[in-house]
Amino acid sequence: MEPARRERCHEDARRRCPLDDAEFVSRARTGDLEAYEALVARHSASAYRTAVLLGAGSDAEDVIQEAFVKGYRNLSRYRGASSFRSWLLAIVANETRNLHRSRNRRDGLALRVAAVSPGSAHVADGGVDAVLAGERRAALVRALRLLPVRDREVIVCRFFLDLSEDETVAMLGWPRGTVKSRTSRALAKLRDLLDHEEVRSG
């Protein structure tokens, strides 16, 4: 095949196959803003959902904007040991914690999932609607609000954001054993709270 034709074929293949995160990150590090905008577009729904589930509420948009800015400024620190998504969501989680510290409220991580419209574009890319669907939605939100902060964070990561164990370790910065044990304990607490809710509502 002629070199020019071969190059056209490679270019056609690149158009058909979207770039993965690593390629976008590599380009963004060289100052390619369009590459970083592509990363923002790809992960904004997950970032928004993370901020909301961790309690940012009406400030979720501000939180994720700040997280994306910090992510861009700190791209040189991303080493690729974990997925870009989990690295970015760790920044979102930290920004959400910063928000709560600035609010100076003990219950600053209370979830406001119920306020998110089921038809919202921000939650359309995952399983949150399925988890929160139907009559158990309000009970689940109330039960999550009653969990300790660290238990709530691990439940959000593993079951609302569908992060793998490795991604949860990277996002929360906990040892793998801690993630495993806390997930198990948090699920048990959540089940107990939901059982109590069902008995109470009778």
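The structure this text deals with has already been given above.
Residues numbered from 1 in each chain as written. Predicted model: local features only at pLDDT ≥ 70, side-chain atom pairs only at ≥ 80, totals over all residues. Heavy atoms only, no water.

1. Brief notes about the environment of Gly55
Part 1 of the reasoning: Of note, Gly55 is situated in the loop between helix 3 (33–53) and helix 4 (60–73).
Part 2 of the reasoning: Remark: the alpha-carbon pair of Gly55 and Arg145, spanning 90 residues in sequence, is separated by 9.3 Å. (Helix = DSSP H or I, 4+ residues; strand = E, 2+ residues; numbered from the N terminus.)

2. A look at the pattern of salt bridges
Any two side chains of opposite charge can pair if their charged atoms end up close together.
Part 1 of the reasoning: This structure, assessed with the given rule, holds seven salt bridges.
Part 2 of the reasoning: One salt bridge connects Asp151 with Arg182, and the closest N-O pair in it is separated by 3.0 Å. Of the two residues, Asp151 sits in helix 8 (residues 149–160) while Arg182 sits in helix 10 (residues 176–201), which places them 31 residues apart along the sequence. The exposure classification of Asp151 matches that of Arg182, with both residues buried.
Part 3 of the reasoning: Notably, a salt bridge pairs Lys189 with Asp151, separated by 2.6 Å at the nearest N-O pair. Here Lys189, found in helix 10, pairs with Asp151, found in helix 8; they are 38 residues apart in sequence, far enough to count as distant.
Part 4 of the reasoning: Among the residues examined, Lys189 registers a relative accessible area of 35% and is labelled partly exposed.
Part 5 of the reasoning: Using a relative accessible area of 0% as the deciding quantity, one classes Asp151 as buried.
Part 6 of the reasoning: One salt-bridge network, held together by shared partners, links Asp151, Arg182 and Lys189. (Salt bridge = Lys/Arg side-chain N within 4 Å of Asp/Glu carboxyl O. Buried < 20%, exposed > 50% of the residue type's maximum accessible area, 1.4 Å probe, protein only.)

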